[in-house]
Amino acid sequence: MRYSMENTNVPVISAKDLNLWYGDFKALKGISLDVGEREITALIGPSGCGKSTFLKTLNRMNDLVPNVRIEGDVRLKGEDIFAREMQLTDLRRRVGMVFQKANPFPMSIYDNITYGPKLHGVRNKAELDELVESSLRGAALWDEVKDRLKKSALGLSGGQQQRVAIARAIVSEPRLLLLDEPLSNLDAKLRVDMRSELKRLHHDTGSTIIYVTHDQVEALTMSTKIALFREGELVQVDKPLELYDNPCDLYTADFIGNPSINFVEASGTAGASGLSVDGVMGRLEFSREDMTPEAPASGDLKLVLGIRPEQITISREKTDAAQVEARVYAGMPAGSETLVSVRVGEKLITVKELGSTHYAGDETVYLSYPPKKVNVFDASTKRLIKYSR
Ligand code: ATP
């Protein structure tokens, strides 16, 4: 199965200034997002920020909700999904959806998968057989169920039922596949296996996927683009590593990354040549070319430095004047990595080291970090003013 690629310049989905109200409550506030051919876009953000609402608007599932009001424009390959002539059955064939909870119909595996194609007029048995096999292969389930296709789908395990749901969604070769936390009900091992199966499905079919997840690792590893929501607004849309390296504000920086980024207050002075910073993490000089367009041209500033735990190196010896003295608060070796919290003055900082190292409480250590990798935020606007390079 392979999706055709006509008009690759036209986004598969283009949402412009999309607003949605449930009664008086505004759940989506001016969302604009383009999703291009073959992209996997992960929607992330805290509970209740509007991820599922946005997803369900794309195949008009929200039409079923009482008191819902939608304004704005959504185009599927250039076609207005809210146009009078848009048939909902046709839209849902082109925009497949898989939910968090597997929901097979109480019928055989074969009938579950052929339900949609039959609805759309496919009657030929050989054709239906082929669709069943190719979609089950796409969902990485064929080998497990090929000898019991006529058995009830309800007799399958949770992970298998979820893959039936994926097969059912891809059997009609949708232009767009919407996945609403499809792996969150699976156990940890199956979840990791299914990540690679979904990536493989994407590779084999060239499908375009929009994917809601609570799991940051899933978002960072699965997607070509991440869209971060907050309270119904879209805060930042970027490639995963760009979002991780250069979050646009303190909120995004705090949301992305586990363990969380360290925030350290500092003071600074902006000038024509760049930014001088002073604080408990030492004196730093940044040149203008590393500053974002939002950096002030001049003046004294209150700043927040963002330093990722894995960027900091701990040493027991002081070998360099730039090292920052710290005291171990607690060391947490965990096999492949060690998390160490240390005190620099009053500030607690998390350091992540590869491998297992044992640190004693109150031990004196010395920290170093590459200044180029530091994010600098303006404390008053909360916006990023210096890139990590
Ligand atoms: P989660 O991660 O918990 O699934 P989410 O980001 O997907 O959350 P939504 O389910 O889109 O969030 O909900 C966004 C907001 O809209 C929430 O405040 C929610 O309570 C509200 N909401 C969702 N569905 C309805 C509905 N049918 N009627 C009224 N309010 C709703």
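See the structure shown above.
These lines cover the structure that appears in this document, whether it is placed above or below. (Residues numbered from 1 in each chain as written. Predicted model: local features only at pLDDT ≥ 70, side-chain atom pairs only at ≥ 80, totals over all residues. Heavy atoms only, no water.)

**Comments concerning the overall build of the protein**
Thinking step 1. Looking only at helices and strands, the protein has 10 helices and 21 strands in total.
Thinking step 2. Over its C-alpha atoms, taken along the principal directions, the protein stretches across nearly 80 × 45 × 40 Å.
Thinking step 3. Classification of the 389 residues of the protein by burial places 47% in the buried group.
Thinking step 4. Accessible surface for the protein amounts to roughly 18400 Å². Of this, 50% is attributable to carbon and sulfur atoms. (Helix = DSSP H or I, 4+ residues; strand = E, 2+ residues; numbered from the N terminus. Buried < 20%, exposed > 50% of the residue type's maximum accessible area, 1.4 Å probe, protein only. Areas by Shrake-Rupley, 256 points an atom, 1.4 Å probe, with all protein chains shown as cover.)

**Section: helix H6 (residues 158-170)**
Thinking step 1. Counted at 1.5 Å a residue, the expected span for H6 with its 13 residues is 18 Å, and the 19 Å between its end C-alpha atoms agrees.
Thinking step 2. Residues of H6 that are buried include every one of Gly-159, Gln-160, Gln-161, Gln-162, Arg-163, Val-164, Ala-165, Ile-166, Ala-167, Arg-168, Ala-169 and Ile-170, and no others.
Thinking step 3. Of the surrounding secondary structure, the elements contacted by the buried residues of H6 are strand E6 (95-98), helix H3 (109-119), helix H4 (125-138), helix H5 (142-145), strand E7 (176-180) and helix H7 (188-205). (Expected span 1.5 Å × (residues − 1). Contact = heavy atoms within 4.5 Å.)

**What about the pattern of salt bridges?**
Thinking step 1. This structure, assessed with the given rule, holds 26 salt bridges.
Thinking step 2. The residue Lys-125 makes a salt bridge to Asp-129 at a minimum N-O spacing of 2.8 Å. With Lys-125 and Asp-129 both in helix H4 and four residues apart, this pair spans about one turn of that helix.
Thinking step 3. The class for Asp-129 is partly exposed, based on a relative accessible area of 28%.
Thinking step 4. When salt bridges that share partners are traced, they join Glu-79, Asp-90, Arg-93 and Arg-94 into one network. (Salt bridge = Lys/Arg side-chain N within 4 Å of Asp/Glu carboxyl O.)

**Some remarks on the layout of surface pockets**
Thinking step 1. Put simply, the largest pocket is a space of about 580 Å³.
Thinking step 2. Elements that contribute at least two residues to the lining of the largest pocket include exactly helix H2 (88-94), E6, H3 and H6.
Thinking step 3. In terms of residue count, the dominant contributor to the lining of the largest pocket is H3 (five residues).
Thinking step 4. The residue makeup of the lining of the largest pocket, split by class, is 13 nonpolar, eight polar and three charged. (1 Å grid on protein atoms, 1.4 Å probe; cavity = no way out; pocket = protein on both sides within 12 Å on 5 of 7 lines; lining within 4 Å. Points joined across faces, edges and corners; volume = space filled by probe spheres on them. Nonpolar A, V, L, I, M, F, W, Y, C, P; charged D, E, K, R; others polar.)

**Re the pairing of strand E9 (residues 225-230)**
Thinking step 1. The buried fraction of E9 amounts to five of the six residues, a majority that puts the element mostly inside the structure.
Thinking step 2. Connecting the antiparallel pair E9 and strand E10 (residues 233-238) is a turn made up of two residues, with Glu-231 showing a positive phi of about 45°. (Pairing = 2+ DSSP bridges.)

**Section: the nonpolar core**
Thinking step 1. Membership of the largest hydrophobic core comes to 33 residues, with the highest contact counts inside it found for Ile-109, Leu-136, Leu-149, Ile-166 and Leu-198.
Thinking step 2. Breaking this core down by element, the ones donating at least two residues are H3, H4, H5, H6, E7, H7 and strand E8 (208-212).
Thinking step 3. Ranked by the residues each element gives to this core, the list is headed by H6, at six residues.
Thinking step 4. Discounting residues that sit within four places of it in the chain, Leu-198 has contacts with Ile-166, Leu-179, Leu-183, Tyr-211 and Met-222. (Core = buried A, V, L, I, M, F, W, Y, C linked by side-chain atoms within 4.5 Å.)

**With respect to unusual backbone geometry**
Thinking step 1. Cis geometry is adopted by the peptide bond preceding Pro-259, which originates at Asn-258 and carries an omega value of 5°.
Thinking step 2. Relative to the helices and strands, Pro-259 resides in the loop between helix H10 (250-255) and strand E11 (262-271).
Thinking step 3. Positioned with a positive phi, Asp-17 is a non-glycine residue whose angle comes to about 45°.
Thinking step 4. Positive phi is not limited to glycine here, since Lys-382 has a value of about 70°.
Thinking step 5. Following the sequence through the fold, Lys-382 ends up in the loop between strand E20 (375-378) and strand E21 (384-386).
Thinking step 6. Judged by its relative accessible area of 47%, Lys-382 is partly exposed.

**Digging into the state of the cysteines**
Thinking step 1. Across all of its chains, the model carries zero disulfides by this definition.
Thinking step 2. Of all cysteine sulfurs, the one in Cys-248 lies closest to Cys-49, which takes part in no disulfide; the gap is 14 Å.
Thinking step 3. For Cys-49, a relative accessible area of 3% gives the class buried. (Disulfide = S-S within 2.5 Å.)

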